[in-house]
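Here is how the chains run, residue by residue.
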Amino acid sequence: MKTKPGILLIEDDAGIVGGLKKELQAEGYDVAIATRGDEGLVQGQEQEFDAVITDLRMPGLSGLELVAQLHAAKPKLPIIMMTAFGTTETAIEATKLGAYDYLLKPFDMGELLELVARAVASSRLMSEPLELGEAEPSQSAIIGNSRAMQAIYKEIGRVAASSITVLIRGETGTGKELVARAIYQHSPRAGQPFIAVNCAALPEPLLESELFGHERGAFTGAHARRIGRFEQAHHGTIFLDEIGDLSPSTQVKLLRVLQEKYIQRVGGNERIPVDARVLAATHQDLETAMQARQFREDLFYRLSGVTITLPRLSQRAEDIPDLVRYFLRRSEAELGLAPTTILPEAVTFLRHQTWPGNVRELENVVRQSLLLTRGYPISSEQVRLAYTRARKPLAAADQTLGAYFTELLTQARQGELENVHARVIEDLERELFSRAIELAKGNQAKAARWLGVTRTTMRQKLLHFGLHPGPEPPT
Ligand SMILES: Nc1ncnc2c1ncn2[C@@H]1O[C@H](COP(=O)(O)OP(=O)(O)OP(=O)(O)O)[C@@H](O)[C@H]1O
Ligand SMILES: [Mg+2]
């Protein structure tokens, strides 16, 4: 199913080409090289790649012209521009012309690899067709023929054709992101970019400049203008994931963008019209958040032009057998294993469990079972073992955590402690970040990737907790 992602590297400096090629191949990419701009353009147009990395100054065709022409031919292909310091204005020009992002030389290899990984993921999201409710899917699919899922497919069909804002709700792991992709792929904007932003992954000021961009000098460290994701999603679709985590100030700004359909970059006055279709998702209970005045009602009504609410997995248990077979095939392909069968008792066992982690948890259990079998049909013992193991870290932590919570709450009740919630989050985060950086042997990029946070967040947290970040990885 999955082949190696392909990268086209357009660069005339043999030294840079050699170094980058090795690093990219080590990360598991297929790398094609063009040493002239015009050749790169032809290759990019005629062959299939998941991302393009290009230099700015090259013989044949400049990086800017390349971006303009290649983006016009393939609007969904992410192009990353490398450019020497001092040519930031040009880099910004490139993003306006449709480049996915840019990097200033000299750059950190970890930074480049992270950017490439993001670009490849987004290009796969845009290009892998999603089939709805297929029992024998060839590629990515939304599986399930239960009534509850049939109703979801209908809703997807109803909203796909228009540009109406859709709020996708449901517990964690129920498939909200999949639904967002399906709406996009069935919409008239399917030929234009789909830009996903995780609103929970960045602290407020960074998120605002990520979404709306910023002008040079807007804040300390804003050395150059930045084009935000909204501007990049012009004519396309923007997916605002974890919308329940937006800060009050960002909520106000987003509301204005939704109402007036223009953006202002942070620190700028220019009103820039944007035509982006907005899809949003959250697992949070927005009604409670609104009562607590943490989420604005006006924004809620703006966002929920239409709401699609995904059912819990336990509300569609009849889909479990199909899901199991689908995940089995997908895991086999990903792990490079031969096809395996699963015994009917094992499927029955899975069907009758509760799934607080929903479809994602089921997927993990199937994958773990597959790893336990070593080629034999999967039995119910193996499935049971995988299921308990998946639960174990939480169950083990449960007792100690319970004691710790009780201790804090008792202190609070006696008036010795305020703000237990903030304290718990802080304690858990400190523990999590320190373990991650320790396991990653000080490699911040790696630890950030495991945790699913940006490197900026990683650095900030390490500083905040006074954790020794260790040496930066060699570049
Ligand atoms: N109906 C489905 N068919 C096939 N795969 C599914 C289905 N629902 C979820 N998945 C898979 O389960 C995993 C979780 O799905 P997804 O990321 O869309 O959930 P989510 O609702 O966005 O979760 P979260 O709130 O934690 O972000 C993904 O690997 C996805 O491919
Ligand atoms: Mg999600």
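Residues numbered from 1 in each chain as written. Chains lettered and ligands numbered in written order. Predicted model: local features only at pLDDT ≥ 70, side-chain atom pairs only at ≥ 80, totals over all residues. Heavy atoms only, no water.

A. Molecular detail of the nonpolar core. Residues Phe-230, Leu-240, Ile-243 and Phe-295 are the most contacted members of the largest nonpolar core, which totals 31 residues. Those elements giving two or more residues to this core turn out to be strand 9 (194–198), helix 8 (204–212), strand 12 (237–241), helix 10 (248–260), strand 15 (277–282), helix 11 (286–291) and helix 12 (297–303). Of all the elements, helix 10 adds the most residues to this core, at four residues. In this structure, Phe-230 is in contact with Leu-211, Phe-212, Ile-238, Leu-240, Leu-254, Val-257, Ile-263, Val-274, Ala-276 and Val-278, ignoring residues within four places of it in sequence. (Core = buried A, V, L, I, M, F, W, Y, C linked by side-chain atoms within 4.5 Å. Buried < 20%, exposed > 50% of the residue type's maximum accessible area, 1.4 Å probe, protein only. Helix = DSSP H or I, 4+ residues; strand = E, 2+ residues; numbered from the N terminus. Contact = heavy atoms within 4.5 Å.)

B. Expanded view of the packing of aromatic side chains. With the rule as written, the count across this model stands at eight aromatic pairs. A ring pair is formed by Phe-194 and Phe-239, whose centres lie 6.0 Å apart and whose planes are at 25 degrees; its orientation type is stacked. With Phe-194 in strand 9 and Phe-239 in strand 12, this pair connects stretches of sequence that are 45 residues apart. Comparing Phe-194 with Phe-239 shows no difference in burial state: the two are buried. Their ring planes at 85 degrees and their centres at 5.3 Å tell us that Trp-355 and Tyr-387 sit as a pair that is edge-to-face. One end of the pair, Trp-355, is in the loop between helix 14 (344–351) and helix 15 (358–373); the other, Tyr-387, is in helix 16 (residues 380–413), with 32 residues separating them in the sequence. Taking the relative accessible area as the measure of exposure, Trp-355 reaches 4% and is therefore buried. A connected cluster of aromatic rings, assembled from ring pairs, spans Tyr-184, Phe-194 and Phe-239. The positively charged end of Arg-229 is found above the aromatic ring belonging to Tyr-100, 5.5 Å away from the centroid. A cation over a ring is seen here: Arg-271 above Tyr-262, with NZ or CZ 3.7 Å from the ring centre. (Phe/Tyr/Trp six-rings, centres within 6.5 Å; stacked < 30°, edge-to-face > 60°. Lys NZ or Arg CZ within 6 Å of the ring centre and 35° of its normal.)

C. Quick peek at the domain arrangement of the chain. Assigned domains of the chain: these are domain 1 (6–127), domain 2 (143–309), domain 3 (313–392) and domain 4 (419–464). On a C-alpha basis, the centres of domain 2 and domain 3 stand 33 Å from each other. Summed over both partners, the interface of domain 2 with domain 3 comes to about 880 Å²; 51% of that surface belongs to carbon and sulfur atoms. Where domain 2 touches domain 3, the interface holds zero salt bridges. Counting every contact that joins domain 2 to domain 3 gives seven residue pairs in polar contact (both at pLDDT 80 or more). (Domains from an automatic or database assignment. Buried area = accessible area lost by both parts, 1.4 Å probe. Salt bridge = Lys/Arg side-chain N within 4 Å of Asp/Glu carboxyl O. Polar contact = N/O pair within 3.5 Å; in protein donor to acceptor, adjacent residues only side chain to side chain.)

D. Just the site of ligand 1, in detail. Near ligand 1 lie 19 residues; those nearest to it are Ile-143, Thr-172, Gly-173, Lys-176 and Glu-363. Here an oxygen atom of ligand 1 sits 2.8 Å away from a polar atom, N or O, in the side chain of Glu-363. Protein chains bury 89% of the 640 Å² of accessible surface belonging to ligand 1 in isolation. Mapped by element, the contributors of at least two residues to the shell around ligand 1 are strand 7 (141–142), helix 7 (176–185), helix 13 (320–335) and helix 15. If you tally residues by element for the shell around ligand 1, the top one is helix 13, at four residues. Of the domains in this structure, domain 2 (143–309) and domain 3 (313–392) are the two that each give at least three residues to the shell around ligand 1. (Near = heavy atom within 4 Å. Areas by Shrake-Rupley, 256 points an atom, 1.4 Å probe, with all protein chains shown as cover.)

E. Molecular detail of the sheet that holds strand 9. Strand order across the open sheet formed by five strands is 9-12-15-8-16, with parallel pairing between neighbours. Both outer strands of the open sheet, strand 9 and strand 16 (306–309), are each paired with one neighbouring strand and no more. The mean inter-strand angle of the sheet, taken between neighbouring strand axes irrespective of direction, is 20 degrees. Where strand 12 lies against strand 15, four bridges are found, and the strand directions are parallel. Directly across from Phe-239, in strand 15, lies its bridge partner Leu-279. (Pairing = 2+ DSSP bridges. Axes fitted to C-alpha atoms, helices over the stretch in contact; angles between N-to-C directions.)

F. Structural detail: the pattern of salt bridges. Scanning the model with the defined rule gives 23 salt bridges in all. Here Asp-38 makes a salt bridge to Arg-36, at a shortest N to O gap of 3.0 Å. Asp-38 gets classed as partly exposed once you look at its relative accessible area, which sits at 29%. What makes Arg-36 partly exposed here is its relative accessible area of 32%. Glu-334 is paired through a salt bridge with Arg-367; the nearest N and O atoms lie 2.7 Å apart. In this pair, Glu-334 is assigned in helix 13 and Arg-367 in helix 15, connecting sequence segments 33 residues apart. Overall, Glu-334 belongs to the partly exposed group, its relative accessible area being 37%. According to the relative accessible area criterion, Arg-367 is partly exposed, its value standing at 21%. Ionic contacts of the salt-bridge type, sharing partners, join the residues Glu-215, Arg-225, Glu-231, Arg-265 and Glu-270 into one network.

G. The arrangement of the packing of helix 1 (residues 14–26) against helix 5 (residues 109–127) in detail. The contact between helix 1 and helix 5 brings their axes to 11 Å, and the two run at 55 degrees. If you check the angle between helix 1 and helix 5, you find them oblique. Between helix 1 and helix 5 lies a crossing whose hand is right-handed. From helix 1, Leu-20, Glu-23 and Leu-24 reach across to helix 5, where they touch Met-109, Leu-112, Leu-113 and Val-116. Residue composition of the contact of helix 1 with helix 5, by class: six nonpolar, no polar and one charged. (Parallel < 35°, antiparallel > 145°, perpendicular 65-115°, else oblique. Left-handed = near helix turned anticlockwise from the far one by under 90°. Nonpolar A, V, L, I, M, F, W, Y, C, P; charged D, E, K, R; others polar.)

H. Seen up close, a nonpolar patch on the surface. Where nonpolar side chains cluster on the molecular surface, the patch consists of Leu-335, Leu-337 and Leu-371 and spans about 230 Å² of accessible area. Tracing the backbone shows Leu-371 in helix 15. The partly exposed category is assigned to Leu-371, whose relative accessible area is 43%. (Patch = residues over 30% accessible without salt bridge, like charges linked within 9 Å, V, L, I, M, F, W, Y side chains within 5 Å.)

I. Examining helix 1 more closely. The terminal C-alpha atoms of helix 1 lie 18 Å apart, and with 13 residues this matches the ideal 18 Å at 1.5 Å per residue to within 8%. Residues of helix 1 that are buried make contact with strand 1 (6–10), strand 2 (30–34), strand 3 (51–55), strand 4 (79–84) and helix 5. With a side-chain oxygen positioned 2.8 Å from the backbone nitrogen of Gly-15, the residue opening helix 1 is Asp-13. Downstream of helix 1 by one or two residues, Gly-28 has phi in the positive range, about 95 degrees. (Expected span 1.5 Å × (residues − 1).)

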